[in-house]
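Descriptive structure summary
If you want the building blocks of each chain, they are given just below.
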Amino acid sequence: MLKKKLLRTMKLYRAQFISMIIMTALGIGVFTGFNMEWYTIERDVDSFFEETGFADFRIISETGFSEEECRAVGEIDGVGATSRYLSVNAVVKDGTDVVAVTVSENPAVSGFAVSSGGEYDPESSDGLWLSDRYADENGISCGDTLELTYKNLSFKGRVAGLVKASEYLICVPDPTQLMPDYSSYGFAYVSPAMLEKIMGQGFFTQINVISDMDKADFAEAVKDKLGKTYMIVSKDDTISYSEAMGESEEGKTMAAILPVLFLAIAVLTMVTTMHRLTATEKTQIGTLKSLGFKDRRITLHYVSYAVMIGLVGTALGIGIGFLLGWYIMNPSGAMGTYIDMPDWTLHTPTFVWIVIAAVNVLLILIGYLSVKSMLKGTAADALRPYTPKKMRKIFAERFSFWDKLGFGTKWNFRDVVRHKARTFMTLFGIIGCTVIVFSALGIQDTLDSFVDLFYSGAINYETKINLDADSATPDDAEEIAEKYSGDLEMTLSVQLDGEAVGIEVYDIRRGLIRFIDENEKYVGLTDDGAYVCERIADKFSVGVGDEIVFSPFGTDDEYTVKIAGKVRSLTESVVMTRAAAEDAGIPFSPNVIYTADTDIAQDVRIVNTQTKYNIMDSFDTFMELMVVMVWLLIIAAVILGVVVLYNLGVMSYTERYREMATLKVIGFKDGKIGRLLIGQNMWLTLVGSVLGIPAAIGILKYLVKALASEYEMELAVAPSTYIISIALTFGVSLLVGLMVSRKNKKIDMVEALKGRE
Amino acid sequence: MNIVEFKNVSRTYTVGDHEQKALDGIDLSLEKGKFIVVLGPSGAGKSTLLNLLGGLDSPTEGTITVNGKDISKLSRDELAEYRAGYVGFVFQSYNLIPTLTVRENVELVREIAPDALDTMKMLEAVGLEDHAKKFPSELSGGEQQRVSIARALAKNPEILLCDEPTGALDSETGAVVLNVLISMAKSYGKTVVVVTHNQNIAKIADGVVRVKNGKIKSFETQDSPASVWEVEW
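Since we're looking at a predicted model, the values are computed, not measured. (Residues numbered from 1 in each chain as written. Chains lettered and ligands numbered in written order. Predicted model: local features only at pLDDT ≥ 70, side-chain atom pairs only at ≥ 80, totals over all residues.)

1. A closer look at the overall build of chain A
The helix and strand tally for chain A stands at 23 helices and 21 strands. The principal-axis extents of the C-alpha atoms in chain A amount to approximately 105 × 55 × 45 Å. With 757 residues in all, chain A has 44% of them scored as buried. When contacts within chain A are restricted to residue pairs at least 6 apart in sequence, those whose partners lie at least 24 apart make up 84%. (Helix = DSSP H or I, 4+ residues; strand = E, 2+ residues; numbered from the N terminus. Buried ≥ 20, exposed ≤ 12 C-beta atoms within 10 Å, placed from the backbone. Contact = placed C-beta atoms within 7 Å.)

In structure tokens, the structure reads:
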């Protein structure tokens, strides 16, 4: 019999039940989905790295390594496998596309996975194993021939297979480009045999190593074996590994804030709803008790409501979670463009299941405690209807302005104070809605202003010309710079406190590159010393006025430079002017020229060119990913707002049903009563938004710091974000108010005002 | 002069596929300024009569005229206006707003009634001027009912409708409340209709309407009704 009651009661309170289920499902869904995102990246990247032998260390020498040297490194205790490796940027004939031609002597290290076509053949003299993404974007298929040019070498290759490689997990030509752009940049593996055919000899600038050793120990061991200090790039310093793990870290941060907010709201809504339900059913609880039902049986009955909500909510929630996970981690979506790996199997961290179980236990506990408080005492006690707290004068009534307030204001004011839990929950829902919308839009604003600052303000060139270090002398660089009215740059890798750091030395003549200080102002560099970015300053604990000492790899030269100031940088480097570098004794030998020209003639001294358009285009994809997230969050926020406010609105409506019936009998029109109800919502919404905006700014600051530290972004919020988030919150509140107040018309005055015992 | 005219009024409720006639073609005329009691057993149709007269419900057939105005075909909002301007209600379960003070409960009607009377005067008339700042939950049942009478009269309505006004009170308190009701109605010249199954109340009425099975069984007038204190409660 009680089972029938269970179902009928659920039908009676369907608004509450449905909203509780939606809240639980949304909470669990967002929680599961977000945690799935970072965990899937971690797991799938890991297994891809394992499968294709992503190197832990790369020993780098521009002059190349011999077979003996590679063997010697392989003999180091703690080194698993080694391979001589080469990656050079070659230009596709009759175009500007760049393909990184890659050779790995030992395919078990820094190898690739074939997605279609033939397996790798180390003896092949013309086979190309081309990036499947690049092939796809450019309409290339197996069997096609590709003609490539590297420096003064031209060669043809036949596409033997389409592949993915862990070394190119995030396939960008350099760190200034945030997102891969497969239409213009890809990679292709060739066999050592083909390399020999092209170059006449095997030439490898890297030894890639698989090893669990600590970087410092490894560097020491290499120095012992090879008798020289080499630049060593560990896994953590590669774009592929660090960006993928960064993405996973960002996911963790996101998963730690917003989904928890959803879960918290779900649980709190459960508290108010279960209390409300058992309070309304108090006389029924008393009736059951007086009929002779044991407390245990009655408790079980009411607890089963919580169980039902938990079960249905959890089932839906896990479904939403997988859907969300699949949507974000979709291999053909934005994330799939960013991270290029073959397997996108979704993985869920174990603790997610534990949290889901805990939420269910919590729901049951809430149900148990709610009915327990109604069951207290004798059957006669339980039979007495639940009486809300006696009305007392509220604080505001001590002031004279109180008497001047209209009846509606007083009514709403006292109602808000009387039902504190409901008011608190309403505020919580409104604040939640404002915070999520504001944060989502704020992140977008921050990115927009960042793009504007760097790509529209700091980058004024059209083309970046990369010179060939071997054939281009400083005089050649001067000549090319003059020809294209360019600015010059020298980049070099140096060792600073044992770490590899990039140095950028600029000779700015035409203002094609500008620098940004900590306050987002464009500044000119002085010749007084070097400029560091915030990350370098943090990493090496140095500040303005300190001196840093570094030495270029492969030399014993040491240079000392004073830090003259701070600039923001995308690439985490030390920046200085040509004059400052020459003062410190560093010879200026430029390898990059920036120009406003777009038409660059073929020249053996030029390795390749990159256009600003390439870089901007990649940023658009990055922004698309953000826009998807922003929309998902806004939709979730609106659902959250509507569900929470509707649930509470219906609760308030039920609680004040009799009062509204009285007003109606006295002669208040439906519209006027509706306006009173909506008025309360509007006031709470006002308070909620006023509290929500500063909360959102706090969360945003944290998010920007946690999510975008690698780009040194500053929080920027556009006025439209304030307007949209407040307007949307008010819109949601008004919509729910209208939905609830529409019910006014259904108030049965006669029924409602019949006598009560 | 008749203030209320019921002409062939019927009210049918449909429950499932079953039709139930709560009122079956009744005719009734009430004179202005009189104290009328409607008597009848449970389910006789007396509350339906009161609801139709109060504009809480509309008849399925027939016309109801109040003060020369047909109220049987009004829209929802027009009915609300009618309730605001013409009728005052007193219920068995007082129905005060718990979050408003005594004074505010009475003052409430100023929001909607065009000719509302002075709040404090009404509270004085029911003898509760000292409780003006209390909340309903701080008053006894009889006091709460007197507040609801003050509220009903503060609108300055033509008719005062009371559904078992003493039903929830003990007989002594009931007598006090009835006395307040009658004396106020007389001094303000209001028509009062009381629905009850308490035969004693009939003794103090100017007219007694007996209802049974949805029809009017009798309508007797009493030229010299008893005073509240003469009746054995």
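Picking up where we left off.
2. Comments concerning the overall build of chain B
Helix and strand counts for chain B stand at seven helices and 10 strands. The C-alpha atoms of chain B give a radius of gyration of 17 Å, which matches the 17 Å a tight globule of 233 residues would have. Considering only C-alpha atoms, chain B reaches an extent of 50 × 40 × 40 Å along its principal axes. A total of 233 residues make up chain B; the buried ones form 49% of that total. (Rg over C-alpha atoms; globule rule 2.2 N^0.38 Å.)

3. Some words on the sheet that holds strand β7 (residues 159-163) of chain B
Residues and elements named next belong to chain B. With respect to topology, six strands assemble into an open sheet ordered β6-β7-β8-β3-β9-β10, the strand pairing being mixed. Unpaired on one side and paired on the other, β6 (87-90) and β10 (215-221) mark the two borders of the sheet. Strand-to-strand twist in this sheet, taken as the mean axis angle between neighbours without regard to direction, amounts to 20°. (Pairing = 2+ DSSP bridges. Axes fitted to C-alpha atoms, helices over the stretch in contact; angles between N-to-C directions.)

4. Brief notes about the interface of chain B and chain A
Listed as interface residues are 29 residues of chain B and, on the opposing side, 22 residues of chain A. Broken down by secondary-structure element, the contributors of at least two residues to the side of chain B that touches chain A are α2 (76-86) and α3 (102-107) of chain B. With six residues, α2 of chain B is the largest single contributor of residues to the side of chain B that touches chain A. Looking at side-chain class alone, the side of chain B that touches chain A contains 14 nonpolar, seven polar and eight charged residues. (Nonpolar A, V, L, I, M, F, W, Y, C, P; charged D, E, K, R; others polar.)

5. Some points on the environment of Val87 of chain B
Residues and elements named next belong to chain B. Summarising the element assignment, Val87 is placed in strand β6. On the basis of neighbour counts, which here come to 26 C-beta atoms within 10 Å, the residue Val87 falls in the buried class. Placed 74 residues apart in sequence, Val87 and Leu161 show a C-alpha to C-alpha distance of 7.0 Å. Once residues lying within four places of it in the same chain are set aside, the contact partners of Val87 are Gly54, Gly55, Pro157, Ile159 and Leu161.

6. Considering the sheet that holds strand β5 (residues 69-70) of chain B
Sheet strands line up and pair through hydrogen bonds in the backbone, either parallel or antiparallel. All names here are of chain B. Within the open sheet, the four strands sit side by side as β2-β1-β4-β5. Their pairing is antiparallel. Looking at strand neighbours, the two that pair on one side only are β2 (18-31) and β5, the edges of this open sheet. Against the sheet, helix α1 (residues 46-53) contacts β1 (2-15), β2 and β4 (61-66), and its axis sits at roughly 120° relative to β1.

7. Here's the deal with the packing of helix α7 (residues 239-280) of chain A against helix α15 (residues 420-458) of chain A
Residue and element names in this part refer to chain A. Interaxial distance between α7 and α15 falls to 10 Å at its minimum, and their mutual angle equals 160°. When the axis of α7 is compared with that of α15, the two are roughly antiparallel. Every pair of crossing elements has a handedness; the one defined by α7 and α15 is left-handed. Along the contact surface, α7 presents Leu258, Leu261, Ile265, Leu268, Thr269 and Thr272, while α15 presents Ala421, Arg422, Met425, Phe428, Gly429, Gly432 and Ile436. Of the residues assigned to the contact of α7 with α15, the class counts are eight nonpolar, four polar and one charged. (Parallel < 35°, antiparallel > 145°, perpendicular 65-115°, else oblique. Left-handed = near helix turned anticlockwise from the far one by under 90°.)

8. Digging into the nonpolar core
Membership of the largest hydrophobic core comes to 236 residues, with the highest contact counts inside it found for Leu130 and Phe262 of chain A together with Val38 and Ala150 of chain B. Residue contributions to this core peak at 19 residues, all from helix α2 (residues 14-52) of chain A. Residue contacts for Val38 of chain B: discarding those within four places in its chain leaves Lys46, Leu49, Val193, Val194, Val195, Val209 and Val211 of chain B. Counting residues in each nonpolar core, the second largest holds 23 residues, with Met490, Ile503, Ala564 and Val567 of chain A among its members. (Core = buried A, V, L, I, M, F, W, Y, C linked by C-beta atoms within 7 Å.)

9. A few points about helix α14 (residues 407-418) of chain A
Here α14 of chain A spans 16 Å end to end across 12 residues, near enough to the 16 Å set by a 1.5 Å rise per residue. Where α14 of chain A is concerned, the buried positions are Lys410, Trp411, Asn412, Arg414, Asp415 and Val416 of chain A. (Expected span 1.5 Å × (residues − 1).)

10. Let's talk about the environment of Gly698 of chain A
Within the fold, Gly698 of chain A resides in helix α21 (residues 670-707). Here the alpha-carbon distance between Gly698 of chain A and Ser439 of chain A, two residues 259 residues apart in the chain, equals 9.4 Å.

11. A look at the confidence of the model for chain B
On average, residues of chain B score 88 in pLDDT, and 100% of them are at 70 or above. Across the interface, the model reports ipTM at 0.83; the global pTM reads 0.74. (pLDDT = per-residue confidence, 0-100.)

12. A closer look at the pairing of strand β9 (residues 207-212) of chain B
All names here are of chain B. Inspection of the sheet shows strand β3 (residues 35-39) paired to β9 by four bridges, in the parallel sense. The residue of β9 that forms the bridge with Val37 is Val208. The sheet contact formed by β9 and β10 spans six bridges and is antiparallel. Each residue of the ladder has a partner; that of Val208, found in β10, is Glu220. Counting the residues in the hairpin turn of β9 and β10 gives two residues, including Asn213, whose phi is positive at 50°.

13. Regarding unusual backbone geometry
In this structure, Ser110 of chain A is a non-glycine residue whose phi angle is positive, near 50°. Counting through the fold element by element, Ser110 of chain A comes out in the loop between β3 (98-104) and β4 (112-117). The residue Asn8 of chain B is not glycine, and still its phi comes out positive at about 50°. Looking at where Asn8 of chain B falls in the secondary structure, it is placed in strand β1.

14. Things to note about the packing of helix α3 (residues 67-74) of chain A against helix α6 (residues 215-226) of chain A
Residues and elements named next belong to chain A. In contact at an axis separation of 10 Å, α3 and α6 are set at 135° when each is read in the N-to-C sense. Considering the angle they form, α3 stands oblique to α6. The element α3 and its partner α6 pack so that their crossing is right-handed. Together, Glu69, Ala72 and Val73 of α3 and Val222, Lys225 and Leu226 of α6 make up the contact between the two elements. Class assignment for the residues of the contact of α3 with α6 results in four nonpolar, no polar and two charged.

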